[in-house]
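# Residue-level structural notes
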Amino acid sequence: MSASVITLETKENFSQNLVIQQPPNGISLQGQIRVPGDKSISHRALMLGAIAQGETEIQGLLLGEDPQSTASCFQGMGASISELNTDLVRVQGIGLGNLQEPLDVLNAGNSGTTMRLMLGLLASHPGRFFTVTGDNSLRSRPMSRVVKPLQQMGAEIWGRKGGSLAPLAIQGKSLQPTHYHSPIASAQVKSCVLLAGLLTEGKTTVTEPALSRDHSERMLKAFGAELTTDPETNSVTVTGGNQLYGQKVVVPGDISSAAFWLVAGAIVPGSEISITNVGINPTRTGILEALEMMGADIQKENEREVAGEPVADLRVRHSHLQSCTISGEIIPRLIDEIPILAVAAVFAEGTTVIKDAAELRVKESDRIAVMAQQLNQMGAKVTELDDGMEITGGTPLRGTDVDSYTDHRIAMSLAIAALNAQGETTIHRAEAASISYPDFTNTLAQICG
Ligand code: S3P
């Protein structure tokens, strides 16, 4: 069987086209992959390391652009962070409440997690003034979801559209504790309020309508925060004023990155891929449950716990997929994987319905609109819903020109769709993948043989 041809063309403006040429007799994907470190955990390890007392050692950090944004923001406020690498990053923390007033604007780049989590810390540092901004995408994403609860605690934040769009200016203050009932299940909102609560005297509680990823809760506890959870009401409470202490953090592989290979292995005939060291925290494994519902053949092997997070190796083999309906409480547990799940649905028998996922419209791009347009351009049958998509599988895809809209997860999802499309697909602005998966193209070439 001949390999597909994968070429990366760099253009004059440094934007890259990823060209995937399907050979006439098809491909099969084989091999073992180690995915990069979990993005959510990498951000949190850098942030908590920076505000804790003493040294934090981080193994397995994601070297993508997003954690780099977090590192440079906290370096700008006095934390000392060694050069980022996957082996070992050392963070010399400055102790709770000691973030310095930065001499320049803090730039969160493309990273919603950096900006939203950091805002909780900045707003609660009395007497210091901060300005934060981001790239074109981040400056158009809603910040009111974190500004509102922080204002409820007494924070002073200004920005365009009543403080809902970055750039934002923050005058740090002593805040009042609150019980915030978040209208959305969002780990960024929850974590922002909890981080603000660290420096706020008394108990700060967040209740969310469904459980979002709980990496902040796990890591805050490990760093010594006084934190309790109530699973019955999806509530978390932090008691302010307790010092955090530097820890050793081991970052597991990112299940959101593994998801591309899980779907690739499931949809490309004759494939078998093994993905080692993947984080399988139950607040993130919606993708495994959804693919299993669709009839994917995925085995969990070597399950273990590493530094407070569950980890396993995953093996996927090609199988015949069926449509399914994905809605409700599973949505926050697979929110970042919906673009690649849409690709799986294109190759499944029947009509897959994804609902309750309006959050996708305010991610790095409007992921409902962009995925529907780009997959339809390849010949798929995708209908946009206000809060999701309806995807009728079984129509063969044809290679054509598609665009990532500078969204990393769109770039990689389209690349996986291209593996099963006839002829040649060109993914424009494919460099976006480096936000969370800088080595994506090399790994793609590796498993294509
Ligand atoms: C993240 C939370 C999610 C997710 C994002 C990372 C985090 O966002 O989509 O990629 O690390 O807290 P929301 O909290 O907005 O759902």
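Residues numbered from 1 in each chain as written. Predicted model: local features only at pLDDT ≥ 70, side-chain atom pairs only at ≥ 80, totals over all residues. Heavy atoms only, no water.

Let's shift gears to the pattern of salt bridges. Enumeration according to the criterion identifies 27 salt bridges in this entry. Between Arg90 and Glu55 there is a salt bridge, with the nearest N and O atoms lying 3.0 Å from each other. Of this pair, Arg90 sits in strand E6 (residues 89-94) while Glu55 sits in strand E4 (residues 53-59); the two residues are 35 residues apart in sequence, bridging distant segments of the chain. Between Glu364 and Arg141 there is a salt bridge, and its shortest N-O distance comes to 3.9 Å. (Salt bridge = Lys/Arg side-chain N within 4 Å of Asp/Glu carboxyl O. Helix = DSSP H or I, 4+ residues; strand = E, 2+ residues; numbered from the N terminus.)

Before going further, it helps to examine the sheet that holds strand E12 (residues 203-207). Strand order in the open sheet formed by four strands is E11-E12-E14-E13, with mixed pairing between adjacent strands. A strand with exactly one partner marks an edge of an open sheet, and here the two such strands are strand E11 (179-181) and strand E13 (226-230). For this sheet, the mean angle separating the axes of adjacent strands, direction not counted, is 15°. As paired strands, E11 and E12 are joined by three bridges and run parallel to one another. Residue Tyr180 lies in a different strand from E12, and its bridge partner there is Val206. (Pairing = 2+ DSSP bridges. Axes fitted to C-alpha atoms, helices over the stretch in contact; angles between N-to-C directions.)

Let's shift gears to the domain arrangement of the chain. We note that the domain assignment places domain 1 (5-37 + 252-447) and domain 2 (39-250) within the chain. Here domain 1 and domain 2 have C-alpha centroids that lie 29 Å from each other. With 28 residues of domain 1 at the contact, the number on the domain 2 side is 26 residues. At the junction of domain 1 with domain 2, the criterion picks out three salt bridges. Between Glu359 and Arg145 there is a salt bridge; the shortest N-O distance is 2.7 Å. Here domain 1 is connected to domain 2 by 13 residue pairs in polar contact (both at pLDDT 80 or more). Contributions of two or more residues to the side of domain 1 that touches domain 2 are made by strand E18 (309-317) and helix H12 (408-419). Its residues assigned to classes, the side of domain 1 that touches domain 2 shows eleven nonpolar, seven polar and ten charged. (Domains from an automatic or database assignment. Contact = heavy atoms within 4.5 Å. Polar contact = N/O pair within 3.5 Å; in protein donor to acceptor, adjacent residues only side chain to side chain. Nonpolar A, V, L, I, M, F, W, Y, C, P; charged D, E, K, R; others polar.)

Once that is clear, we can look at the site of the ligand. Neighbouring the ligand are Lys39, Ser40, Arg44, Thr113, Ser186, Ala187, Gln188, Arg213, Ile335, Asp336 and Lys363. Side-chain polar atom of Arg44 to an oxygen atom of the ligand: 2.6 Å apart, as the coordinates give it. Between the ligand and the protein, one listed contact pairs an oxygen atom with a side-chain N or O atom of Ser186 at 2.7 Å. When the ligand sits alone it has 380 Å² of accessible area, and the protein chains cover 96% of it. Of all the secondary structure elements, the ones that give two or more residues to the shell around the ligand are helix H1 (39-51) and helix H6 (187-198). Looking at the shell around the ligand element by element, the count peaks at three residues for H1. Considered class by class, the residues forming the shell around the ligand number two nonpolar, four polar and five charged. (Near = heavy atom within 4 Å. Areas by Shrake-Rupley, 256 points an atom, 1.4 Å probe, with all protein chains shown as cover.)

Contact geometry of H1 with H6 gives a least axis separation of 13 Å together with a crossing angle of 5°. Taken together, H1 and H6 sit at an angle that is classed as roughly parallel. Between H1, through Arg44, Met47, Leu48 and Ile51, and H6, the contact on the second element is made entirely by Ala187, Ser191, Leu195 and Leu198. Its residues assigned to classes, the contact of H1 with H6 comprises six nonpolar, one polar and one charged. (Parallel < 35°, antiparallel > 145°, perpendicular 65-115°, else oblique.)

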